[in-house]
Structure formats: C-alpha cells, structure tokens
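Summary of the model geometry
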Amino acid sequence: MWNDVFTFVLYTRGGPYWQTTRIPFSKFFFASKGRIQDKQAPLPLYRITHFGITVSDKADGPFQLELDYIGADFDPTHHEETAYEMYEVKQNFIVGT
C-alpha cells in the first residue's frame, strides 16, 4: 500500500565528529500509517524504489545534518533476513449466549 514503509531509527552521538553507520536491511521494521505493525516481514529488496530521511531534534539551538555518502554494500557474510521476532497473533472469539 502507498502508506506502508520500512523504517530504521538511528540515534546519533551529536557533533562535532563524523559518525559512520552501516545498517543491514534486516534491521528495518515494517510500519503502516506511522504505526509499527505486529506482523513483521523481511524487507522485500526487489520492491525498493526510493528512500527518505526524516530528521528530528528537540534540543534548543541550531541543528545541522551533514551527509557525506549514502550507498548500498553487498555483504556475502550477512544471512539474517529479519532481526525481529516473527509471530502470529491468534484471535480467539468467545460467543456468549
């Protein structure tokens, strides 16, 4: 659906030094309409068409984000499909008389 996204939350240390971060696709979690979903699934790599960055800062004073490089690396040693627990929510309905 148009409002389904896979998200990863990254907390930075704050300046003044550069921070290098590698994020495996298996660490992204599924959300829809801004809500994390109970039923998670691996990120379908063949469906990725674009990405976005959302920046949030609640500190007083100036804020600055500098990006030097964004890329995708292939790591043949990484075999994890998803880092999150996969479970089914079973619903039991009790019908009263």
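The structure reproduced in this document is the subject of the present report. Only a predicted model underlies this, so the values are computations on that prediction, with no experimental measurement involved.

1. Points about the packing of aromatic side chains
- Per the counting criterion, the structure on display carries three aromatic pairs.
- Residues Phe6 and Phe30 carry aromatic rings whose centres are separated by 5.2 Å and whose planes lie at 45° to one another, so their mutual orientation is tilted. Of the two residues, Phe6 is situated in strand E1 (residues 4-7) and Phe30 in strand E2 (residues 29-32); the sequence distance between them amounts to 24 residues.
- Classification of Phe6 by relative accessible area gives partly exposed; the value is 24%.

2. Digging into the pattern of salt bridges
- One pass over the structure, following the stated rule, counts two salt bridges.
- In this structure, the salt-bridge partner of Asp73 is Arg22, at a minimum N-O distance of 3.0 Å. Of the two residues, Asp73 is situated in the segment after strand E3 (35-36) and Arg22 in the loop between E1 and E2; the sequence distance between them amounts to 51 residues.
- Look at Asp73 and you get exposed, because its relative accessible area is 52%.
- Residue Arg22 is classed as exposed on the basis of its relative accessible area of 68%.
- Lys27 is the salt-bridge partner of Glu80, the closest N and O atoms lying 3.9 Å from each other. Here Lys27 lies in the loop between E1 and E2 and Glu80 lies in the segment after E3, a separation of 53 residues in the sequence.

Rules and cut-offs
- Residues numbered from 1 in each chain as written.
- Predicted model: local features only at pLDDT ≥ 70, side-chain atom pairs only at ≥ 80, totals over all residues.
- Heavy atoms only, no water.
- Phe/Tyr/Trp six-rings, centres within 6.5 Å; stacked < 30°, edge-to-face > 60°.
- Helix = DSSP H or I, 4+ residues; strand = E, 2+ residues; numbered from the N terminus.
- Buried < 20%, exposed > 50% of the residue type's maximum accessible area, 1.4 Å probe, protein only.
- Salt bridge = Lys/Arg side-chain N within 4 Å of Asp/Glu carboxyl O.

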